[in-house]
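Structure assessment
Spelled out from the first residue to the last, the chains are:
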Amino acid sequence: MKFNKQTLSNGLRLITVPMADNPSVTVLVVVEAGSNYETKETNGISHFLEHMVFKGTPTRPTASDISRELDSIGAQYNAFTSQEFTGYYAKAAARHTDKIIDVVSDMCINPLFDEKEIAKEKGVIIEELRMYRDLPQRQVHNVMTRLLYGDQPAGWEIIGTEDTIKSFTRDSFVKYRDENYVSSATTVIVAGTFDEKDMTAKIEKAFAKILSGPKSGKLPVHESQKAPAIAVEAKETDQTHIVISFRTFSVNDPRIPAMSVMSAILGGGMSSRLFSKMRDELGICYYIRGSHDGMTDHGNFSISAGVDNSRVELAVKEILAECQRMASEPVSAAELQKAKDYIAGNTMLELETSDSRAEFVGFDEAIKGKIEGPEEMIGKVNAVTAEDVQKLARSVFVNEGLNLALIGRAKKESLEPVLQFSHES
């Protein structure tokens with residue numbers, strides 16, 4: 001995948017990803033400002049500000065003005081907020097490139113933060129929060145986040161709390177934006193079919209008035225655990241939703257390629273070990289997934305599933321048994337190669353569109369501080385050995401990093417005896 005990165009005269013980073021003969025262009029703005037940059041009092045402001053960016057600018061005074069203009073060209077557009085960054089994007093046919101640059105840059109640089117719109121949006125976001133809490137398969141991940149990281153930014157919900165959401169004023173948004181939405185913390189990614197030299201001039205002009213100045217920092221994540229930990233949120237559900245997580249490492253750790261391979265072996269696809277064991281063999285669940293979440297200074301490997309209420313203890317026991325097998329037995333050459341081929345195939349399929357390529361390089365830039373192309377990433381994965389995977393499993397699958405979050409009817413006391421590795425390699 002070809003890409004070009006440059007820093008413009010105002011400190012803004014621009015990454016262009018040319019795609020010959022691609023029918024669309026995506027413009028994505030990634031700002032290194034997420035919930036990890038918040039305080040207890042401002043928890044949720046990154047996400048709320050994301051909403052307010054769509055609520056009007058001096059030249060497009062209302063949310064309808066923005067959406068109508070983008071809808072009129074058949075654009076796809078949205079935004080997202082994570083712990084580490086916030087993103088805004090629009091994707092349209094290549095002939096509408098100038099229009100989406102104009103709209104996206106205007107939204108990001110000139111939000112009105114109208115007090116009446118802020119008041120209305122508080123109700124919208126509170127309902128969004130309540131909606132998520134009514135979805136146990138999603139809410140259980142918030143339970144796990146609190147269990148892992150506790151009362152620090154990494155342990156708080158990205159959306160905030162009802163109290164913090166209600167407390168925000170126009171001054172709150174202006175202050176947070178002035179401290180975080182600055183050129184040195186912002187990257188614009190353009191992917192699709194366009195003239196690169198022409199594009200640089202257009203982005204420099206469109207973002208000429210972006211704020212400058214120092215970027216606010218974030219607190220380092222503190223972690224401390226000596227024994228398995230459990231968090232249960234009682235709820236009358238028809239199935240129990242569980243997440244088993246292990247403390248790991250940041251996204252720039254040299255063990256990331258081995259982690260990708262181990263994740264694929266355990267939870268990647270319908271032939272993975274966990275899917276075969278839990279669904280095909282035991283018939284204990286419909287969904288089960290395993291993945292690694294790496295941030296700038298911490299990470300975790302999580303396995304999530306929705307299981308039969310009467311078989312929760314068995315589910316936990318069998319999942320841990322598969323983790324233990326990974327630590328105690330080297331994977332076969334055939335299984336190792338299958339995992340590598342699975343990663344390579346999925347990676348390339350996920351990069352077929354302009355928006356997926358924009359997100360790929362944008363996330364790398366925001367989290368890693370550098371862009372690792374798919375070819376380089378796949379090359380590192382292909383170099384992983386069975387010994388690398390087993391060594392990683394032995395370091396990750398230990399009682400001192402083992403956590404279980406659950407939403408359902410199960411009792412904590414019944415799970416404590418099974419949430420442990422009986423012996424560690």
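Numbers given to residues run from 1 along each chain, matching the order in which its sequence is written. This being a predicted model, a pLDDT of at least 70 is required before a residue's local features are given, and a value of 80 or more before pairs of side-chain atoms are given or counted; all residues contribute to the totals for chains, interfaces and linings. Note that the side-chain values use all heavy atoms of the structure and ignore hydrogens as well as water.

Focus: the overall build of the protein chain
When you go through the protein chain residue by residue, the secondary structure sums to 16 helices and 11 strands. When we talk radius of gyration, it's over C-alpha atoms, and the globule rule is simply 2.2 Å times the number of residues to the 0.38. The C-alpha atoms of the protein chain give 23 Å as radius of gyration, which agrees with the globular expectation for 425 residues (22 Å, within 12%). Judged by the C-alpha coordinates and their principal axes, the protein chain covers about 65 × 45 × 35 Å. The contact definition used throughout considers only heavy atoms, calling two residues in contact when any of these lie within 4.5 Å. Of the contacts formed within the protein chain by residues at least 6 apart in sequence, a portion of 81% connects residues at least 24 apart. To measure how exposed things are, a 1.4 Å probe is used in the Shrake-Rupley method; for residues, cover is taken only from the protein chains shown. Of the roughly 18500 Å² of accessible surface on the protein chain, a fraction of 51% belongs to carbon and sulfur atoms. Under the convention used here, Asp and Glu are negative, Lys and Arg are positive, and both His and the chain ends fall outside the count. We put the charge of a Lys on NZ, of an Arg on CZ, of an Asp on CG and of a Glu on CD. Both charge centroids of the protein chain, one from 49 positive and one from 61 negative side chains, sit 1 Å from each other. Numbering of helices and strands runs from the N terminus; a helix is a DSSP stretch of H or I covering at least four residues, while a strand is a stretch of E covering at least two.

Concerning the environment of arginine 325
With respect to the helices, strands and loops of the structure, arginine 325 is situated in helix α11 (residues 312–328). Sequence spacing of arginine 325 and glutamine 390 is 65 residues, and the spatial spacing of their C-alpha atoms is 9.3 Å. Here a polar contact means two N or O atoms within 3.5 Å. Within protein one must be a hydrogen donor candidate and the other an acceptor candidate, and residues neighboring in sequence count only if both atoms are side-chain atoms. A distance of 3.0 Å separates a polar atom in the side chain of arginine 325 from a polar atom in the side chain of glutamate 322.

A closer look at the pattern of salt bridges
Only one rule defines a salt bridge in this text: a Lys or Arg side-chain nitrogen within 4 Å of an Asp or Glu carboxyl oxygen. All chains considered together, the criterion is met by 32 salt bridges. The partner of lysine 120 in a salt bridge is glutamate 117, with the nearest N and O atoms 3.1 Å apart. On the criterion of helical spacing, the pair formed by lysine 120 and glutamate 117 is a turn pair, its members being three residues apart in helix α4 (residues 115–133). The cut-offs for exposure are 20% and 50% of the maximum accessible area for each residue type, with area from a 1.4 Å probe on protein chains only; residues under the lower value are buried, those over the upper are exposed, and the others partly exposed. Taking the relative accessible area as the measure of exposure, lysine 120 reaches 52% and is therefore exposed. The salt bridge involving glutamate 281 is made with lysine 277; its shortest N-O contact spans 3.1 Å. One end of the pair, glutamate 281, and the other, lysine 277, are both in helix α10 (residues 273–281), four residues apart, so they sit about a helical turn from each other.

Concerning the packing of aromatic side chains
Only the six-membered ring of Trp is used, alongside the rings of Phe and Tyr, when aromatic pairs are assigned; centres must lie within 6.5 Å, and planes under 30 degrees apart are stacked while those over 60 apart are edge-to-face, with the rest tilted. According to the stated counting rule, one finds 12 aromatic pairs in the structure shown. Centre to centre, the rings of phenylalanine 48 and phenylalanine 168 are 6.0 Å apart; their planes meet at 75°, and the pair counts as edge-to-face. With phenylalanine 48 in helix α1 (residues 45–53) and phenylalanine 168 in the loop between α6 (162–167) and α7 (170–180), this pair connects stretches of sequence that are 120 residues apart. In this structure phenylalanine 168 comes out as buried when scored by relative accessible area, which is 2%. Among the aromatic residues, ring-to-ring pairing joins Phe48, Phe113, Phe168 and Phe173 into one connected group. Residue placement shows arginine 138 over the ring face of tyrosine 132; its charged tip is 3.5 Å from the ring centre. Sitting above the plane of the tyrosine 37 ring, lysine 215 keeps its charged end 3.5 Å from the centroid. A ring has a charge above it when a Lys NZ or an Arg CZ is no more than 6 Å from the ring centre and no more than 35 degrees off the ring normal.

What to know about the environment of glutamate 84
As for its position among the elements, glutamate 84 is in the loop between β4 (76–81) and β5 (86–93). Judged by relative accessible area, which is 2%, glutamate 84 ranks as buried. Taking C-alpha positions, glutamate 84 is 25 Å from isoleucine 343, a pair spaced 259 residues apart along the chain. Apart from residues lying up to four places away in sequence, glutamate 84 is in contact with Val31, Glu32, Ala33, Gly34, Asn36, Tyr37, Lys218, Met295, Thr296 and Ile367.

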